[in-house]
Amino acid sequence: MDIVNFILSVVDKGQLQILAYLCGANFILGTVAALSKGKFELVQLMGFWRRVLVVFGSYSAVAIAAKGLADFTPLREAIWLALLAYLTAQIISNITELTGITIPAGLKKLIER
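The numbers attached to residues start from 1 for each chain and follow its sequence in the written order. Given that this is a predicted model, residues contribute local features only at a pLDDT of at least 70 and side-chain atom pairs are listed and counted only at 80 or more, while totals for whole chains, interfaces and linings are drawn from all residues. To obtain the side-chain values, all non-hydrogen atoms of the structure were used and water was disregarded.

Here we look at the overall build of the chain
Reasoning step 1: Scanning the chain from terminus to terminus reveals 5 helices and 0 strands.
Reasoning step 2: Each helix (α) and strand (β) of the chain, taken in turn from the N terminus, gives the series α-α-α-α-α.
Reasoning step 3: Counting only C-alpha atoms and orienting by the principal axes, one finds that the chain spans roughly 45 × 30 × 20 Å.
Reasoning step 4: Note on classification: 1.4 Å probe, protein chains only; a residue is buried when its accessible area is under 20% of the maximum for its type, exposed when over 50%, partly exposed between these limits. The 113 residues of the chain split such that 27% are buried.
Reasoning step 5: Pairs of residues are marked as contacts when any of their non-hydrogen atoms sit within 4.5 Å. When contacts within the chain are restricted to residue pairs at least 6 apart in sequence, long-range pairs at least 24 apart make up 66% of them.
Reasoning step 6: Throughout, the Shrake-Rupley method with a 1.4 Å probe supplies accessible areas, and for residues the shown protein chains are the sole cover considered. Counting only carbon and sulfur atoms, one obtains 69% of the accessible surface of the chain, whose full area is about 7,300 Å².
Reasoning step 7: Neither His nor the chain ends is counted toward charge; the positive residues are Lys and Arg and the negative residues Asp and Glu. A charged residue contributes its charge at one atom only: NZ of Lys, CZ of Arg, CG of Asp or CD of Glu. Looking at charge distribution, the chain has the averaged site of its 10 positive side-chain charges lying 7 Å from that of its 7 negative ones. A run of DSSP states H or I qualifies as a helix once it reaches four residues; a run of E qualifies as a strand once it reaches two. Both are numbered from the N-terminal end.

Now the structure itself:
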């Protein structure tokens with residue numbers, strides 16, 4: 001069994017699909033925002049893909065541990081919620097950069113972390 005099939009057999013496919021959609025939306029919005037502001041650089045694109053690998057790697061590693069040890073299931077769900085919050089914050093950040101909408105300072109501090 002190759003590594004991709006093993007990971008797909010372990011992770012929750014619905015959650016993995018949502019992560020993929022959010023990463024895709026983040027990629028599209030970030031690219032459009034950078035192009036519209038004239039700040040597009042390939043280095044930023046590589047940084048984005050590195051973050052995508054961290055997102056999927058983190059979730060997959062904890063999902064594999066949760067498959068073997070039931071005690072890790074709550075940790076898998078916590079990682080899932082953290083990744084969901086992170087990607088949502090990135091999408092909000094890209095939307096605000098694209099549209100020029102200002103967001104409250106308190107929320108901006110949370111997003112930019």
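Some words on the pattern of salt bridges
Reasoning step 1: When a carboxyl oxygen of Asp or Glu is within 4 Å of a side-chain nitrogen of Lys or Arg, the pair counts as a salt bridge. All chains considered together, the criterion is met by 1 salt bridge.
Reasoning step 2: Across the pair Glu97 and Lys39 runs a salt bridge, and its minimum N-O distance is 3.3 Å. One end of the pair, Glu97, is in helix α4 (residues 73-99); the other, Lys39, is in the loop between α2 (13-37) and α3 (42-68), with 58 residues separating them in the sequence.
Reasoning step 3: Assessed through its relative accessible area of 27%, Glu97 is described here as partly exposed.

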